[in-house]
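Geometric and topological summary
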Amino acid sequence: MTQGISGASVTRKARASREVYSPGRIAWRKLRNNKLAMFGMIFLALLIIAVLLAPVLATHDRDAIEMFSMDKPPTEKFILGTDSIGRDVYSRLLYGGQISLGVGLAAVLLQVTIGVTLGAIAGYIGGAVDAIIMRLVDMILCFPFYVIAISMAAVFGGSAINIVIIIGVLSWTGVCRIVRAQVLSLRSREFTEAARALGLTPLEIIRSHMLPNCVSPIVVNATLGMASAILTEAGLSFLGMGVTPPQPSWGNMLSAAQNITALQHYWWQWLPPGLLVFMTVLCVNFLGDGMRDALDPRTRQAKE
Amino acid sequence: MNGKRVIAFFLILMLTLGISVSALALGDTLRWGVYSAPKGWFHPAIYTDMYDAYILMLTYSPLVIQDESSEEISFIPQLAESWNVSEDGLSLTFYLRKDVKWHDGVPFTADDVVFNYTAMCDARVNSTGYGDKMLSIKGAIEYNEYTTALMNGEAEGLTPVEGVEGIVKEDDYTVTFIYSEPYAPALVKFADSRAVITPKHIWENIPFEQWRSSPELGAPVGTGPYKFVKYEQDQYTEFVRNEDYFGQVPAIEHFIYKVVNQDTAQAELLSGDLDVVSMISDVREESLKVYTDAGMIVVEKADAGYQYMNINLRDPKLSDVRVRQAIAYAIDRQAIVDNLLNGHGIVLDAPMIASSWAYPKREEGILNPYDYDLDKAKELLAEAGWTDTDGDGFVDKDGQKFAVSLIFPVGNKVREQSAPIIAQYLKIAGIDCSLEAMDFNSLSPRMVTGTDFELGLIGLSIGSDPDVFSYFHSSEADKGNFNMARYEDADMDALIEASQQEMDPAKRKEIFYEINTKLNYDLPFLWLYSANEIRAITPKLKNYDFGNFWEFMNVETWHFEE
Amino acid sequence: MVKYVLKRMVVAVPVFFGITFCVFALVMSMPGDPFSGMLDPSMTAEYKRRLLEQYGLNDPFLVQYGKWLGRVIHGDLGYSTAYKSRVLDIIGTRIGNTALLGGVSLIISTLIGIPAGISVAMRRNSLLDAGMTIFCFFGVSVPAFFMGMLLILLFGMTLKWLPISGMVVAGANNVGLAYALDVARHMVMPATVLSLLNVASFMRYTRSSVIDVLGQDYIRTARSNGVPRRSLVSRHILKNALIPIITVVSLQIPSMLSGALLTETVFVWPGIGQLNYQAVLNRDYQLIMGIVLVLALVTLLVNIIADICYAIVDPRIRYS
């Protein structure tokens, strides 16, 4: 099995042919050729721009209530209708995206950061440190998610940042295990010894020689994690423990419209946030798949 | 391949199951759906929430219940055939029915009544009913203190107190209650689910300290129209009619109390899985139309409770009555009722049931309705020193912006929806209002037992007597109970005490008018609206009705007709 | 092997302490107490104080934890303040319901998810792959409560094929086969909702690990040597792809037990997830702790079983 040494060999090969491409550029080139991934990326980029421009694009104030226009279908004034207390669904959708995308991205970032750091430390140092970190992983895996999340929300309050922390802290274990296993298996390989002999610091060794080998599972994990973070926020909203009202999120917009009457009669209240969650999850995964293929040294070798 | 086969298998399974639905015939069974499960605390001295109370109302009986169809305050005999109050208002005598049997066949007598109410005063039982019902009965406090000493092992040397002096068994079917002072709400206190009578022959065998953990707690033996059969935690509770019921024997044989999800209860009624859906809160036109379109019957009544905005009177900003009045003018409560409740409710002018004799009606012109008036609100705020000097849209005073936080418990959909509406009204008036939603147990230490809040939303369901002692008497302000506004006013205390002691109905009404006028001006909290109680039933169910104070007031006459 | 399992169990002891201590600290620091939610004009502060005393809730935190631990070591999980019965009895009546629902949906999702994942991985970038991918993401992006409502609207209300809530027809008191059928009917919708999410994630992971295996040199060698597809899948790919799949499935079991909360809430399924949620809302500390303990035990057991499975699948893995 020759996995793992490819990063270095590709660079060497590239140098030899005088076309100096960094691994990053090669990956980017490959990503650009992947239509689904590009579609996902562009859609997400547009979505992010749109929600960031919410103050400009919104037609109404985020929380403005029109007492006489509750549950109204789309009209010229309210292009996506109004919610159950007469707020503009379209404007709230834009602002809600800030929370949902923000929570999703930040939570994934947090869980990957914690997971990779602790996983690498555990795998590289081993011994007692490894044992302690792995026991911590075991502990968190045993936590019943919603119970802990609800208790934490009750203790710390239900702000968006707290929800990111709750999700991040409770879901880094998958990444941690993946990274640890990989680092553990590569630690004793010859090339690691060689790198060490060349005077590379552990951090450099881990970053440039070990992590690239676990990109694929990390990306799958992170993309599914993004989806589940958005849904977890929705679930917490459903239980009344989501972001502070009147702040909108796609999750709480969806859960506000969850009764039978709304489902049957007020499609504009649940279809748009539902579609956006779906499209986001889909695009994140397209992008994730593309990134995995692009970054995976093996597929790189296979095609060159 | 494999996957497809599995999918096919499950599709077939689903279809077979679907077709075999064809209603498992249940015969004569009523399925009554409500959103929360009882906890299984089926004892009047111990239960704490209304879902357990429903079960007590089916299985037990009180001495009397209130006649809710009557305008005047009047009572319907239950275990007591008749009663009379002495001239001086100091004693109340009940003459009991002689033909009542407990569900296990043992005859019911005055001993049961005496035992039941004595136990309520016993500290070892630690009954929730003691503070509410027993305090004014002669000797209750002494007995409670003595049993406290017994419980703590400090009773040595004390003169034993054998029972409550004011609970007297005259003969096997006559019981008299003696009060230390005239007590106007006396009879009402015997007419609710906390006042139902439990059997002495069962409970006397269990040491008082162990009542809370005894298996008998989960298997009530009563005298009510239905006998308890089975309690499936968080699923359903099953009853069968009491063939020996002292009243009319119920027409429907089985009664099922089923726990349902409030978002899907509608579907269950329509699909025939339920016969009655209780506590409908989605009052939108389309939602109610779903019921009527399917031929269901919607039953609606004014509620004996209301939602209010609690105000922390110890907060320096909110202790100013002008600020509170400004808040009242700033919130268009009528618009909330018209739009959010779709008209299924009313705006209140005082903290009482609008139909009560003690509540001054709008047309009497006594109470200020605080109709929406933004100018008036701003004027009052300015009078109190709050004006917008820096032009940020919010009023300020001494360089401080008027910012408040409104906390509310999650669970009641309409109340959750009303919070942002209220915040917007306050914002328009120049008060910056942020929202905090939390579960009730998190809210309680901040607003009920503590005072770490500014504004809070909460609901009350109130008793049939207009007594407001627990809400507005200063002695209740720090008890971690219903005086959550921390209203302390000597004049009000005097009025409340007078209202409790006045036995003459006309004079008592006058006192209540005075109380309401004062509360209406002082606004210790802002009563928002009273949403109607709505039930939906299958058209097959005839003679259905429900009471505000006694849910199953005519359950024995309900019957099915095709 | 036996030695390994024993070692795992010894290692689990500090983990148990860690879990219970953390959860205890967390639930105890939630605002409120078991009685603060009871609001009744007749309930005095004195009454509540006495109750707190009676349940030992006025003791300092560490004392309470110590007492709890002491009882647990003697096999007593304590007493529920909300349900007024022994924690063990309450969990006993509920865990079966959750295991049934979780077990059935685990079987369904494994049977569908893994074969589907392998087959789309073999036909990567085909139309089937794209279609299944979109279905998967639909599965993971629709909240359980929303999916539940949609099913109820369709099968419960419009078609009237399936019962909407509960586990049995209340009061029917069926026995034997009739009972089993009754439960099965009630289980169709919640099991579908739970499975959908897992099918999607099992399929994604399977697809991804099979693709990884396909990229390995020996598979390419085998392919170019003309090894028939069927034996390629069964002999080489499945075996090597199974390890990450076992990991994912084993990770899913504990979260199925505790994470079915939303599904259980929508369908009023009397399971452990809902019980635990109620326990948190009621500040029913001992019940929360009891459930956490039981779930932790199950998780540990599942992990050990997963390890044994690794060894069966891949004899190269040895435990020392």
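See the structure shown above.
The present account deals with the structure reproduced in this document. Please read all numbers here as calculations on a predicted model, not as lab measurements.

Okay, the overall build of chain C next. Within chain C, the secondary structure is distributed over 12 helices and 0 strands. What you see in chain C, going N to C, is helices and strands ordered as α-α-α-α-α-α-α-α-α-α-α-α. In terms of its C-alpha atoms, chain C occupies a principal-axis envelope of roughly 85 × 55 × 40 Å. Taking all 320 residues of chain C together, the buried fraction comes to 51%.

With that settled, consider the nonpolar core. Counting 348 residues, the largest nonpolar core has Ile-150 and Ile-230 of chain A, Leu-406, Leu-526 and Tyr-529 of chain B together with Ile-288 and Ile-291 of chain C as its most contacted members. Element by element, the count of residues in this core is highest for helix H7 (residues 176-214) of chain C, at 16 residues. In this view, Ile-291 of chain C contacts Ile-91, Ile-272, Leu-275, Asn-276 and Ala-279 of chain C; residues no more than four positions away in its chain are not counted.

Right, let's get into the sheet that holds strand S12 (residues 297-301) of chain B. Residues and elements named next belong to chain B. An order of S8-S9-S10-S1-S11-S21-S12 is seen for the 7 strands of this open sheet, with the pairing classed as mixed. Among the strands making up the open sheet, the edge pair consists of strand S8 (226-232) and S12. Where strand S1 (residues 29-34) lies against strand S10 (residues 254-259), 6 bridges are found, and the strand directions are parallel. Opposite Arg-31, over in S10, you have Ile-256 as the bridge partner.

Take the interface of chain B and chain C next. Often, the extent of an interface is quoted as the loss of accessible area upon association of its parts. Between chain B and chain C, the residue contacts involve 59 residues of the former and 52 residues of the latter. Those elements that provide at least two residues to the side of chain B that touches chain C are helix H1 (2-19), S1, helix H4 (129-134), strand S9 (236-241), S10, helix H7 (265-270) and helix H13 (440-447) of chain B. Broken down by element, the side of chain B that touches chain C gets its largest block of residues, 8 residues, from H1 of chain B. Of the residues contributing to the side of chain B that touches chain C, the split by class is 20 nonpolar, 25 polar and 14 charged.

Another aspect to go through is the environment of Ala-130 of chain C. Position of Ala-130 of chain C relative to the elements: it lies in helix H5 (residues 127-141). With 90 residues separating them along the chain, Ala-130 of chain C and Arg-220 of chain C place their C-alpha atoms 24 Å apart.

Thresholds, definitions, all that
- Residues numbered from 1 in each chain as written.
- Chains lettered and ligands numbered in written order.
- Predicted model: local features only at pLDDT ≥ 70, side-chain atom pairs only at ≥ 80, totals over all residues.
- Helix = DSSP H or I, 4+ residues; strand = E, 2+ residues; numbered from the N terminus.
- Buried ≥ 20, exposed ≤ 12 C-beta atoms within 10 Å, placed from the backbone.
- Core = buried A, V, L, I, M, F, W, Y, C linked by C-beta atoms within 7 Å.
- Contact = placed C-beta atoms within 7 Å.
- Pairing = 2+ DSSP bridges.
- Nonpolar A, V, L, I, M, F, W, Y, C, P; charged D, E, K, R; others polar.

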